[in-house]
Amino acid sequence: MSLSDDRAGRLILSLRRQGVTDARVLKAMESIDRSLFVHEKFLDQAWEDQALPIDCAQTISQPYIVGLMTQALDVQPRHRVLEIGTGSGYQCAVLSRLARFIYSVERYKSLLTEAEAKLKLLGVDNVFTRHGDGGQGWLEQAPFDRIMVTAASPHEPTELLKQLKPGGVLVAPVGRSSVQMLNRYTGQEDGSFRRESLCEVRFVPLVEGTAKEG
């Protein structure tokens, strides 16, 4: 067993102890080399259960949060999933192991380009990406079975909820302060949504518009 395999195994055991028990989610996370998505200077921390900085003042999420959100989303093999905030591409890679298609939107073009290269390196071929305003979703590809938001929405994500299929699930951190509530929204038969508050989290804010870089 290599050192990275040993670290991955310890991380998966830690996630299981913290409540991430979905076998498919754990298998997907174990199959993705997180070190591919972190900066070289943080390689020694790639398999630690902590968030790490990436470019554009963004972060690669803590593995526990990735596992928790993915488990809450309840992704099935034939699902079409919308991800808001491609970031490093790590969460997208995990989702790609679970769903039929992933549609991922990122406002920072440089982050998106790097993420696309890393996904290609992994041989991921069921992800479609877009440079744009994540708050607006991806209307042309809607409706989606599942939607994951990887940045903190200051208010209820009403525009994104409109892009869910009946009975669909959306998971998002919601709140204006530095600490937000991770919410799960489940579509009901009457067209409304049942909201469950899962836990407190810390995410970078979901910023409206498309970033102008360079």
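For the structure, check the block above.
This section reports on the structure supplied with the text. Nothing here was measured: the structure is a model prediction, and the numbers come from that model.

1. Things to note about the sheet that holds strand β6 (residues 144–149)
Phase 1 of the analysis: Spatially, seven strands are ordered β5-β4-β3-β6-β7-β8-β9 in an open sheet, and the strand pairing comes out mixed. Only two strands of the sheet have a single neighbouring strand rather than two, namely β5 (127–131) and β9 (193–201). Each strand of the sheet is rotated relative to its neighbour by a mean of 15°, with strand direction disregarded.
Phase 2 of the analysis: Judged from the four bridges that link them, β6 and strand β7 (residues 164–174) form a sheet pairing that is parallel. Counterpart to Arg146 in the pairing with β7 is Val169.

2. Let's talk about the packing of aromatic side chains
Phase 1 of the analysis: What the rule picks out here adds up to five aromatic pairs.
Phase 2 of the analysis: Cluster of aromatic residues (ring-pair linked, three or more members): Phe101, Tyr103, Phe128, Trp138 and Phe144.
Phase 3 of the analysis: Above the plane of the ring of Tyr108 lies Arg107, whose end atom (NZ or CZ) is 5.0 Å from the centre.

3. Observations regarding helix α3 (residues 63–73)
Phase 1 of the analysis: The buried fraction of α3 is high, at 10 of 11 residues.
Phase 2 of the analysis: Every buried residue of α3 is listed here: Pro63, Tyr64, Ile65, Val66, Gly67, Leu68, Met69, Thr70, Ala72 and Leu73.
Phase 3 of the analysis: Asp74 lies just past α3 and shows a positive phi near 55°.

Criteria and thresholds
- Residues numbered from 1 in each chain as written.
- Predicted model: local features only at pLDDT ≥ 70, side-chain atom pairs only at ≥ 80, totals over all residues.
- Heavy atoms only, no water.
- Pairing = 2+ DSSP bridges.
- Helix = DSSP H or I, 4+ residues; strand = E, 2+ residues; numbered from the N terminus.
- Axes fitted to C-alpha atoms, helices over the stretch in contact; angles between N-to-C directions.
- Phe/Tyr/Trp six-rings, centres within 6.5 Å; stacked < 30°, edge-to-face > 60°.
- Lys NZ or Arg CZ within 6 Å of the ring centre and 35° of its normal.
- Buried < 20%, exposed > 50% of the residue type's maximum accessible area, 1.4 Å probe, protein only.

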